[in-house]
Amino acid sequence: MDRLRDLREDKDLKQVDLADKLGCSQATYSRYETGALGVPSDILMKLSKFYHVSVDYILGLTDEKRLYSRKRKR
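Here is a short report on the structure shown in this document.

Bringing the packing of aromatic side chains into the picture now. One pass over the full model with this rule turns up two aromatic pairs. Aromatic pair Tyr-29 and Tyr-32: ring centres 6.3 Å apart, planes at 80°, arrangement edge-to-face. Of this pair, Tyr-29 and Tyr-32 both sit in helix H3 (residues 26-34), three residues apart, which is roughly one turn of that helix. Just as Tyr-29 is buried, Tyr-32 falls in that class too. Considering the side-chain rings of Phe-50 and Tyr-51, the 5.0 Å spacing of their centres and the 75° angle between planes classify their relative orientation as edge-to-face. The ring of Tyr-57 is capped by Arg-3, whose NZ or CZ atom sits 4.1 Å from the centre of that ring. The cationic tip of Lys-11 hangs over the ring face of Phe-50; the distance from NZ or CZ to the ring centre is 5.8 Å.

Reading the values: rules and limits
- Residues numbered from 1 in each chain as written.
- Predicted model: local features only at pLDDT ≥ 70, side-chain atom pairs only at ≥ 80, totals over all residues.
- Heavy atoms only, no water.
- Phe/Tyr/Trp six-rings, centres within 6.5 Å; stacked < 30°, edge-to-face > 60°.
- Helix = DSSP H or I, 4+ residues; strand = E, 2+ residues; numbered from the N terminus.
- Buried < 20%, exposed > 50% of the residue type's maximum accessible area, 1.4 Å probe, protein only.
- Lys NZ or Arg CZ within 6 Å of the ring centre and 35° of its normal.

Structure (structure tokens):
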């Protein structure tokens with residue numbers, strides 16, 4: 001997933017830095033970036049919050065980076 005690599009590099013982080021934040025090994029994180037391993041939904045949510053981008057952006061479904069606004073139930 002090129003977007004994961006691009007987001008990480010934009011923050012001048014190494015794979016091991018992100019792996020530590022996510023609680024996984026550097027090898028596992030590397031597989032997420034290359035697409036060799038699917039990114040679990042909980043990891044996608046953590047990455048979305050960390051980078052302040054939408055999960056859809058990470059997945060390449062949109063080019064809009066901003067997070068969706070959360071609507072409150074009445």
